[in-house]
Amino acid sequence: MMQTGILLALASAGLFGASTPFAKHLLGSVDPWMMAGLLYLGAGLGLAAVHLSRTALRLPAVEAPLRRTDMPWLALVIVAGGLLAPLLLMFGLSLTDAASASLLLNLESLATMGIAWLVFRENVDRRLLLGAFAILSGAVLLSWEGRMSLQWGSLQWGALLIASACLCWGIDNNLTRKLSSADPVQIAMLKGLVAGAINLLIALASGAGLPSAVTLLAAGVIGFLGYGVSLALFVLALRHLGAARTGAYFSLAPFVGAVLAVVMLGEAISVQLVVAGCLMAVGLWLHLSERHEHPHAHEAMEHEHRHGHDEHHRHEHEPGVQPGEPHTHWHRHAPLAHRHPHYPDLHHRHRHGT
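Residues numbered from 1 in each chain as written. Predicted model: local features only at pLDDT ≥ 70, side-chain atom pairs only at ≥ 80, totals over all residues. Heavy atoms only, no water.

**Quick notes on the overall build of the chain**
On a plain count of helices and strands, the chain comes out with twelve helices and four strands. Out of the 354 residues in the chain, the part that is buried amounts to 52%. Accessible surface computed for the chain: about 16,300 Å², of which carbon and sulfur atoms make up 67%. (Helix = DSSP H or I, 4+ residues; strand = E, 2+ residues; numbered from the N terminus. Buried < 20%, exposed > 50% of the residue type's maximum accessible area, 1.4 Å probe, protein only. Areas by Shrake-Rupley, 256 points an atom, 1.4 Å probe, with all protein chains shown as cover.)

**Looking at the side chain of Asp70**
Tracing the chain through its elements places Asp70 in the loop between α2 (32–56) and α3 (71–93). Summary of buried charges: Asp70 has no salt-bridge partner, and the nearest side chain of opposite charge, Arg67, is 6.3 Å away. (Lys, Arg positive; Asp, Glu negative; His and termini not counted. Salt bridge = Lys/Arg side-chain N within 4 Å of Asp/Glu carboxyl O.)

**What to know about the environment of Ser289**
Secondary-structure assignment places Ser289 in the loop between α12 (271–288) and β1 (293–298). For Ser289, a relative accessible area of 30% translates into the label partly exposed.

**So, the environment of Ala253**
With respect to the element layout, Ala253 can be found in helix α11 (residues 252–265). A C-alpha to C-alpha distance of 9.0 Å links Ala253 and Ala11, two positions 242 residues apart in sequence. Here Ala253 is in contact with Ala13, Phe16 and Gly17, once residues within four sequence places are set aside. (Contact = heavy atoms within 4.5 Å.)

**As for α3**
A rise of 1.5 Å per residue sets the reference length of α3, with its 23 residues, at 33 Å; its end C-alpha atoms lie 31 Å apart and thus fit the reference within 8%. Where α3 bends most, at Ala85, the angle is about 30°, and the proline Pro86 comes one to four residues later. (Expected span 1.5 Å × (residues − 1). Bend = angle between axes of the 7 residues up to and from the residue.)

**Some words on the packing of α3 against helix α7 (residues 157–176)**
Running from N to C, α3 and α7 cross one another at 160°; their axes reach a closest spacing of 8 Å. The angle between α3 and α7 places the two elements in the roughly antiparallel class. Once α3 is placed against α7, the crossing between them reads as left-handed. (Axes fitted to C-alpha atoms, helices over the stretch in contact; angles between N-to-C directions. Parallel < 35°, antiparallel > 145°, perpendicular 65-115°, else oblique. Left-handed = near helix turned anticlockwise from the far one by under 90°.)

**Brief notes about the packing of aromatic side chains**
With the rule as written, the count across this model stands at six aromatic pairs. Seen in terms of ring centroids, Phe234 and Phe250 are 5.3 Å apart; in terms of plane orientation they differ by 85°. Their pairing is edge-to-face. With Phe234 in helix α9 (residues 213–241) and Phe250 in the loop between α10 (243–249) and α11, the pair connects residues that are 16 residues apart, well separated along the chain. The exposure classification of Phe234 matches that of Phe250, with both residues buried. Put simply, the rings of Phe16, Tyr40, Trp169, Tyr227, Phe234 and Phe250 pair up and form one aromatic cluster. Against the face of Trp285 rests Arg127, its NZ or CZ located 5.5 Å from the ring centre. (Phe/Tyr/Trp six-rings, centres within 6.5 Å; stacked < 30°, edge-to-face > 60°. Lys NZ or Arg CZ within 6 Å of the ring centre and 35° of its normal.)

**Considerations on helix α5 (residues 107–118)**
When the terminal C-alpha atoms of α5 are compared, their 16 Å separation across twelve residues agrees well with the 16 Å that a helix rising 1.5 Å per residue should span. Counting buried residues along α5, nine of its twelve residues qualify, which places the element largely inside the surrounding structure. Every buried residue belonging to α5 is among Leu107, Glu108, Ser109, Leu110, Ala111, Thr112, Met113, Ile115 and Ala116, and all of these are buried.

**Some points on the confidence of the model for the chain**
Here the chain averages 79 in pLDDT, and 76% of its residues register 70 or above. Taken together, the stretch residues 146–155 has pLDDT below 50 and engages in 14 contacts with residues farther than four places along the chain or on a different chain. (pLDDT = per-residue confidence, 0-100.)

**Considerations on the nonpolar core**
In this structure, Met35, Leu89, Met90, Trp169 and Tyr227 are the most contacted members of the largest nonpolar core, which totals 74 residues. In this view, Leu89 contacts Leu105, Ile162, Ala165, Trp169 and Tyr227; residues no more than four positions away in its chain are not counted. Core analysis: the second largest hydrophobic core is formed by seven residues, Leu8, Ala9, Ala237 and Tyr249 among them. (Core = buried A, V, L, I, M, F, W, Y, C linked by side-chain atoms within 4.5 Å.)

**Describing the pattern of salt bridges**
When charged atoms on two side chains of opposite charge get close, those side chains can pair. This structure, assessed with the given rule, holds two salt bridges. A salt bridge links Arg54 to Asp183; the shortest N-O distance between them is 2.7 Å. In this pair, Arg54 sits in helix α2 while Asp183 sits in the loop between α7 and α8 (184–205), placing the two residues 129 residues apart along the sequence. Judged by its relative accessible area of 6%, Asp183 is buried.

**What to know about the side chain of Asn199**
Here Asn199 shows up in helix α8. A relative accessible area of 1% places Asn199 in the buried class. Here Gly82 takes part through its backbone oxygen, which lies 3.2 Å from a polar atom of the side chain of Asn199. Contacts of Asn199, omitting those with residues within four sequence positions, involve Trp33, Ala36, Gly37, Gly82, Leu83 and Pro86. (Polar contact = N/O pair within 3.5 Å; in protein donor to acceptor, adjacent residues only side chain to side chain.)

**Quick look at a nonpolar patch on the surface**
A cluster of nonpolar residues, Trp117, Leu118, Val119 and Leu129, forms a patch on the protein surface that exposes about 370 Å² of accessible area. Positionally, Leu118 belongs in helix α5. (Patch = residues over 30% accessible without salt bridge, like charges linked within 9 Å, V, L, I, M, F, W, Y side chains within 5 Å.)

**As for the packing of α3 against α8**
Two measures define how a pair of helices packs: the angle their axes make with one another and the distance between the axes. It is the contact of α3 with α8, at a shortest axis distance of 9 Å, that shows an interaxial angle of 50°. Considering their axes alone, α3 and α8 lie oblique with respect to each other. Where α3 crosses over α8, the two elements pack in a sense that is right-handed. Contacts between α3 and α8 involve Leu74, Val77, Ile78, Gly81, Gly82, Leu83 and Pro86 from the first element and Ile187, Leu190, Lys191, Val194, Ala195, Ile198 and Asn199 from the second. A per-class count over the contact of α3 with α8 returns ten nonpolar, three polar and one charged. (Nonpolar A, V, L, I, M, F, W, Y, C, P; charged D, E, K, R; others polar.)

Right under this line is the structure:
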């Protein structure tokens, strides 16, 4: 389960990281607000096609659907991660080179980890904190223009906008953890459709024109893969790893974007970029090499999510539960105490001793 979560997080990071230089390439001919709308609308429409095809093919439902109690959390996720974050990122990208912007996106993992640790009380050990410090040092180095003064002018406004986008996504990621037991395609689809439509309408109302058909298609494909599929994989990773560690593994995204920016856009490889990349690489390695194991107790709980019958799922089935595994239904966990390597997934969100 741990390896599955890591692979999902890294795949999500790779897709999102690759989207940054491609979006930067299109920004020369597309308004930033329009681009934010097109990316999320592409994600929503693409995943809607996936969702409808599952229904048309009558594939068995193996994921729990969103419930009415999930709607307030989903609304907050859409505002923070679907409206504010992509808008701030697009304006930040318009003022920053793509390689630096890609590495600055590492701040998203720090924001996610900090909120998970301080607000939602996820366990964060010394290794994760050291890794976070290395990533933050690299991000500060990238945003600094070389002057020793601490005045506002010493920081690039583009970097500040990107950092603000990362904070919004950090909030989004932690709120999405509340929804991670539900269907990830449904979550990402609704987020994309609502956020994309609102951003697009605002862009049109502010006077932005629609780009050419080729640019529309390109933005839609980038949004589907880099935002839609990436978000669905991220939700699945949250289910296995918790918010802090999923955010830590997601630190791969900026390196993918930075490398593609240098290759695709011909951006210069500066000493500043290399040193910042090395600092962030050290932070990512510290995150990837973590191992967490101790005796722990599971309290009795009831919930609904996709599962197979493992050590944590030894329950009887009510009549009408679909045969085969994996499947989804409301089930109860009996109290259990044991020891094994684990992350704060759906079944390991327990407190730790000081």
